[in-house]
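Fold and contact review
Residue strings, one per chain:
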There are 2 protein chains.
Amino acid sequence: MAEVVEQEWGVDLISSWNKHGWFTMANRVGAKMAKLIGAKAHEVMVADSTSVNLFKVVSAALQLRPHRRIIVSERANFPTDLYMLEGLIRQLGSRHELRLMDHDDDISASITDAVAVVVLTHVSYRTGRMLDMAHCTQLAHQAGALVVWDLAHSAGAVPVELNEAGADFAVGCGYKYLNGGPGAPAFLFVAEALQDSCEQPLSGWFGHAQPFAFEHTYTPASGIQRFQCGTPPILSLVALEVGVDLMLEACQQELRQKSVGLCDTFVALVQQECSSWAFQQVSPNSASKRGSQVCLAHPEGYAIIQALIAQGVVGDFRAPDILRFGFAPLYISYVDVWRAVQQLKAVMRERLWDREEYRQQSAVT
Amino acid sequence: MAEVVEQEWGVDLISSWNKHGWFTMANRVGAKMAKLIGAKAHEVMVADSTSVNLFKVVSAALQLRPHRRIIVSERANFPTDLYMLEGLIRQLGSRHELRLMDHDDDISASITDAVAVVVLTHVSYRTGRMLDMAHCTQLAHQAGALVVWDLAHSAGAVPVELNEAGADFAVGCGYKYLNGGPGAPAFLFVAEALQDSCEQPLSGWFGHAQPFAFEHTYTPASGIQRFQCGTPPILSLVALEVGVDLMLEACQQELRQKSVGLCDTFVALVQQECSSWAFQQVSPNSASKRGSQVCLAHPEGYAIIQALIAQGVVGDFRAPDILRFGFAPLYISYVDVWRAVQQLKAVMRERLWDREEYRQQSAVT
């Protein structure tokens, strides 16, 4: 960051757009990310936020299925995905229906031949549940629908094979397991075969075939570039590139093994050390159905997470009662896991041990 | 930047969203920008790119004029504005018409009572021409239309009085005169009276009334916040805030005086020193009708700008033949202007003086 601020921006000024490759940075970083999600280099690009990218790719998907009126997603999807779909449907004149599944098991039944696009999150932010991407994509394709995968909790956390699964579109953020920094730019994936057959409505100049010809009318660039919109925030992109570069130094298979080991250890230790309290495990037990996170539910979840953060164990609280522990395999160690569980135990003992209701709940669940 | 990267992100990690005000940063920086563009603190917010923000505010404006079908803009507007309007119209089912004016003089005639919204750029990127914001806004309002102002070449360059002009919406970028860094996040303005009566389609979680309640359906936040979409890129926001803070240390009236002085000096010096060559002044002569830039046209514009940049005089070339010289009054000095013109003269003498056609063209124009 210092190098870019002091030399590229500070000395080389605007010439850095060419000299230091700022113009193609969104593509360059995208191409690197592609390696982490099983895609081709020219199928991934960094752009905007996950929300904005979802709007783009779902718009494009609907354009490819003009006679279908149903968008399928999950009620438990990350809310911004649902909000963006709401906004898009309203803007398109409320002619589409958002059909929300209540259980993963409903996927097969929900995808009929009236469905245009299925918007699924690969690893659930709330439960850590990981869907079988290849299977779900196949179900959608069999019904003639397209699939958009949200990889926010997958990229850099678990192996993702978009091409192998035959995925159509994907979006995700750079600020979780990719360590791209706070609010890091997001990314999007569009399968090669679809890129030139659809457009997206946020048709800004960075997606134009010749942005610096300053033409009066829009001609989409070919390939993934047409999914770009405005000028990308270079400083945030710089930090993201460093995060992705570091991730690429590790072997993805070994990372996955470590991630599974960390999560399994956490699950076992919570059972061993914290069985006196009413923690319900929300995440699947089987590693093959779980991302790189373990979620527990507890009625005092908010207070517990706050107490843990004060001790340096940084988890997330997700309303109404979920404690989320994410295990970034690149830098979280088994010792960290041990210490986290010991802190959890200490927090429960010191702050909550005398509250009889938790012991009773624990006995019930 | 170093402080934020090393301490806030590096040490305080995710807790910085609260501890260091990252959550409200887009509003805080927006409130500071408001002082530069004559708006109330809660009417301005930093978000996304100029292109994405234009999509939001024009969508909102159309919602406020549901029975009107015409969008008026200028053919010479910055292309991304036109591209975004194209994309929006297509998305809305091509029921709207984009009517492009060829001359500023057409504004009065173009705004009929069928016009929903007028999208104007305050200071033209191509010519430096500055529109009378209050007058144009009044014309639009008389016809019952709303106005969106693009302030990309205005904010930090010339005094802007959005409230005084009665403006409805505005957008602009942070990376020009605000010195926010490459691809810095953009901003948007929505007049207080309109904020709660319209929504925008990019309804992401940062625009939700309670983003961390993780509700399944979207409820827009009140006020300007509903125009936010996804998570903002904090690192780029940090640089932008520094740029805006520095700008606020200067007296805006004195900045304007200096800007006019710099531009007038450049115009006079080009006439005095470079009259032998075929430069056409594209910018208005009168400072009251000009932003903080002077544009010249020359058939060899591209080569000339390249030669100047090589000498450290950084201007822009804009196709087909425009040389743009921007005078950022905060740090450009009168001596810089003198040197720039001397360099221009030297470039013309050394490289082009023997090309007879330029002398002839010069004689004609």
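Treat the numbers as computed from the prediction; the structure is a model and nothing was measured.

Definitions and limits used
Residues numbered from 1 in each chain as written. Chains lettered and ligands numbered in written order. Predicted model: local features only at pLDDT ≥ 70, side-chain atom pairs only at ≥ 80, totals over all residues. Heavy atoms only, no water. Helix = DSSP H or I, 4+ residues; strand = E, 2+ residues; numbered from the N terminus. Rg over C-alpha atoms; globule rule 2.2 N^0.38 Å. Buried < 20%, exposed > 50% of the residue type's maximum accessible area, 1.4 Å probe, protein only. Contact = heavy atoms within 4.5 Å. Areas by Shrake-Rupley, 256 points an atom, 1.4 Å probe, with all protein chains shown as cover. Pairing = 2+ DSSP bridges. Right-handed = clockwise from strand over helix to strand, strands pointing away. Polar contact = N/O pair within 3.5 Å; in protein donor to acceptor, adjacent residues only side chain to side chain. Domains from an automatic or database assignment. Buried area = accessible area lost by both parts, 1.4 Å probe. Salt bridge = Lys/Arg side-chain N within 4 Å of Asp/Glu carboxyl O. Nonpolar A, V, L, I, M, F, W, Y, C, P; charged D, E, K, R; others polar. Least-squares fit on C-alpha atoms with pLDDT ≥ 70 in both. Phe/Tyr/Trp six-rings, centres within 6.5 Å; stacked < 30°, edge-to-face > 60°. Axes fitted to C-alpha atoms, helices over the stretch in contact; angles between N-to-C directions. Parallel < 35°, antiparallel > 145°, perpendicular 65-115°, else oblique. Left-handed = near helix turned anticlockwise from the far one by under 90°. Expected span 1.5 Å × (residues − 1). Lys, Arg positive; Asp, Glu negative; His and termini not counted.

Turning our attention to the overall build of chain A. Within chain A, the secondary structure is distributed over 14 helices and 11 strands. Against the compact-globule benchmark of 21 Å for 365 residues, chain A has a radius of gyration of 22 Å, which places it among compact chains. Taking the principal axes of its C-alpha atoms as reference, chain A extends roughly 70 × 55 × 35 Å. For chain A, buried positions account for 60% of its 365 residues. Taking the contacts inside chain A whose residues are at least 6 apart along the sequence as the reference set, 71% of them involve residues at least 24 apart. As displayed, chain A offers around 13900 Å² of accessible surface, 51% of which is attributable to carbon and sulfur atoms.

Attention now goes to the pairing of strand E3 (residues 97-101) of chain B. Residues and elements named next belong to chain B. Of the pairings in the sheet, the one linking strand E2 (residues 70-74) to E3 comprises 5 bridges and is parallel in character. Counted as the bridge partner of Ile71 is Leu98 from E3. In this view, the connection linking E2 to its parallel neighbour E3 by way of helix H5 (residues 79-91) has right-handed handedness.

This brings us to the side chain of Lys32 of chain A. Residues and elements named next belong to chain A. Locating Lys32 in the fold gives a position in helix H3 (residues 25-36). Within the structure, the side chain of Lys32 is placed 2.7 Å from the side chain of Glu241, a separation counted as a polar contact. A distance of 2.8 Å separates a polar atom in the side chain of Lys32 from a polar atom in the side chain of Asp245. Once residues lying within four places of it in the same chain are set aside, the contact partners of Lys32 are Glu241, Val244, Asp245 and Leu248.

What follows covers the domain arrangement of chain A. Interfaces are often described in size by the accessible area the parts lose on coming together. Residue and element names in this part refer to chain A. Split into domains, chain A comes out as domain 1 (2-249) and domain 2 (252-364). Centre-to-centre separation of domain 1 and domain 2, based on C-alpha positions: 31 Å. Note on domain 1 versus domain 2: buried area summed over both sides is about 1600 Å², and carbon and sulfur give 56% of it. Among the residues of domain 1 in contact with domain 2, Arg126, Met130 and Tyr177 are the three that bury the most area, contributing 30% of the side total. Viewed at the interface, domain 2 and domain 1 are joined by 0 salt bridges. Summed over the shared surface of domain 1 and domain 2, the number is 8 residue pairs in polar contact (both at pLDDT 80 or more). Here the side of domain 1 that touches domain 2 takes 3 residues from helix H10 (residues 234-249), the largest share from any one element. Classifying every residue of the side of domain 1 that touches domain 2 by side-chain character gives 11 nonpolar, 6 polar and 3 charged.

Turning next to the relation of the copies chain B and chain A. With an axial shift of 0.0 Å and an RMSD of 0.1 Å, the rotation relating chain B to chain A amounts to 180°. One copy is carried onto the other by what is essentially a two-fold rotation axis. A shared binding surface is used by both copies, with 98% of the interface residues of chain B retained as interface residues in chain A.

Facing 60 residues of chain B, the contacting portion of chain A comprises 59 residues. Taken together, both faces of the contact between chain B and chain A bury some 5000 Å²; the carbon and sulfur share is 66%. If you sort the residues of chain B by the area they bury against chain A, Tyr83, Pro182 and Phe214 of chain B come out on top, with a joint share of 15%. Between the two partners, chain B and chain A, sit 2 salt bridges. Among the ionic pairs, Glu199 of chain B bridges to Arg90 of chain A, the shortest N-O distance being 3.5 Å. Along the contact surface separating chain B from chain A lie 20 residue pairs in polar contact (both at pLDDT 80 or more). Only helix H1 (2-9), helix H4 (50-64), H5, helix H10 (234-249) and strand E10 (316-318) of chain B provide two or more residues apiece to the side of chain B that touches chain A. In terms of residue class, the side of chain B that touches chain A is made up of 34 nonpolar, 18 polar and 8 charged.

In this structure the tally under the stated criterion is 35 aromatic pairs over all chains. Geometrically, the ring pair formed by Phe266 of chain B and Phe325 of chain B is tilted, given 4.8 Å between the ring centres and 40° between the ring planes. Linking Phe266 of chain B in helix H11 (residues 252-273) with Phe325 of chain B in strand E11 (residues 322-326), this pair joins segments that are 59 residues apart in sequence. Given a relative accessible area of 0%, Phe266 of chain B falls into the buried group. One aromatic cluster is present, built from ring pairs that chain together Trp17, Trp22, Phe23, Trp205, Phe206, Phe212 and Phe214 of chain A together with Phe78 and Tyr125 of chain B.

Bringing the packing of helix H4 (residues 50-64) of chain A against helix H5 (residues 79-91) of chain A into the picture now. Helix-helix packing: each pair is described by the crossing angle between the helix axes and the interaxial distance. Residue and element names in this part refer to chain A. Direction vectors running N to C along H4 and H5 enclose 50°, while the axes themselves pass 9 Å from each other. Overall, the two elements H4 and H5 adopt an arrangement that is oblique. Handedness of the H4/H5 crossing: right-handed. Here H4 contributes Ser51, Val52, Leu54, Phe55, Val58, Ser59 and Leu62 to the contact with H5, which in turn contributes Thr80, Asp81, Met84, Leu85, Leu88 and Gln91. Split into classes, the residues belonging to the contact of H4 with H5 amount to 8 nonpolar, 4 polar and 1 charged.

In this fold, Val314 of chain A is placed in the loop between helix H12 (301-310) and strand E10 (316-318). Judged by its relative accessible area of 43%, Val314 of chain A is partly exposed. In this structure the C-alpha to C-alpha distance between Val314 of chain A and Arg324 of chain A, which are 10 residues apart in sequence, comes to 9.4 Å. Beyond its immediate stretch of four places on either side in the chain, Val314 of chain A contacts Ile309 of chain A together with Leu13 and Ile14 of chain B.

Next up on the list: H5 of chain B. All names here are of chain B. Here H5 spans 18 Å end to end across 13 residues, near enough to the 18 Å set by a 1.5 Å rise per residue. Burial within H5 is extensive, with 12 of its 13 residues counted as buried. Of all the positions in H5, only Pro79, Thr80, Asp81, Leu82, Tyr83, Met84, Leu85, Glu86, Gly87, Leu88, Ile89 and Gln91 are classed as buried. Looking one or two residues past H5, Gly93 carries a phi angle of roughly 90°, positive in sign.

Before going further, it helps to examine unusual backbone geometry. The amide bond that connects Ala319 of chain A to the next residue, Pro320 of chain A, takes the cis arrangement and shows omega of 5°. Residue placement: Pro320 of chain A occurs in the loop between E10 and strand E11 (322-326). Even without glycine at this site, Ser94 of chain A takes up a positive phi of about 55°. For Ser94 of chain A, the position within the fold is in the loop between H5 and strand E3 (97-101). If you check the backbone angles, Asn179 of chain B has positive phi at about 55° while not being a glycine.

This part covers the sheet that holds E10 of chain B. Note on sheets: strands pair through backbone hydrogen bonds, and any given pair is parallel or antiparallel. Residue and element names in this part refer to chain B. Taken in spatial order, the 4 strands line up as E8-E9-E11-E10 in an open sheet, and their pairing is antiparallel. With partners counted over all chains shown, the strands left at the sheet margins are strand E8 (280-281) and E10, one partner each. Pairing between strand E9 (residues 293-297) and E11: 5 bridges, direction antiparallel. Directly across from Gln293, in E11, lies its bridge partner Gly326. Seen against the sheet, H11 touches E8, E9 and E11 and runs at an angle of roughly 25° to E9.

This paragraph deals with the side chain of Asp81 of chain B. Residue and element names in this part refer to chain B. Structurally, the position occupied by Asp81 is in helix H5. With no salt bridge to any partner, buried Asp81 finds its closest opposite charge in Arg129, at an N-O distance of 10 Å. When neighbours within four sequence positions are excluded, Asp81 is seen to be in contact with Leu54, Thr121 and Asp150.

Walk down a regular strand and you will see the side chains alternate between the two sheet faces. All names here are of chain B. Burial analysis of strand E4 (residues 115-121) places 7 of its 7 residues in the buried class, which makes it a mostly covered element. Bridging between E2 and E4 involves 4 bridges; their strand directions are parallel. Of the residues in E4, the one forming a bridge with Ile71 is Val117. Where E4 and strand E5 (residues 146-150) come together, 5 bridges link them in parallel fashion. From the neighbouring strand, Val118 faces E5, where its bridge partner is Val147.

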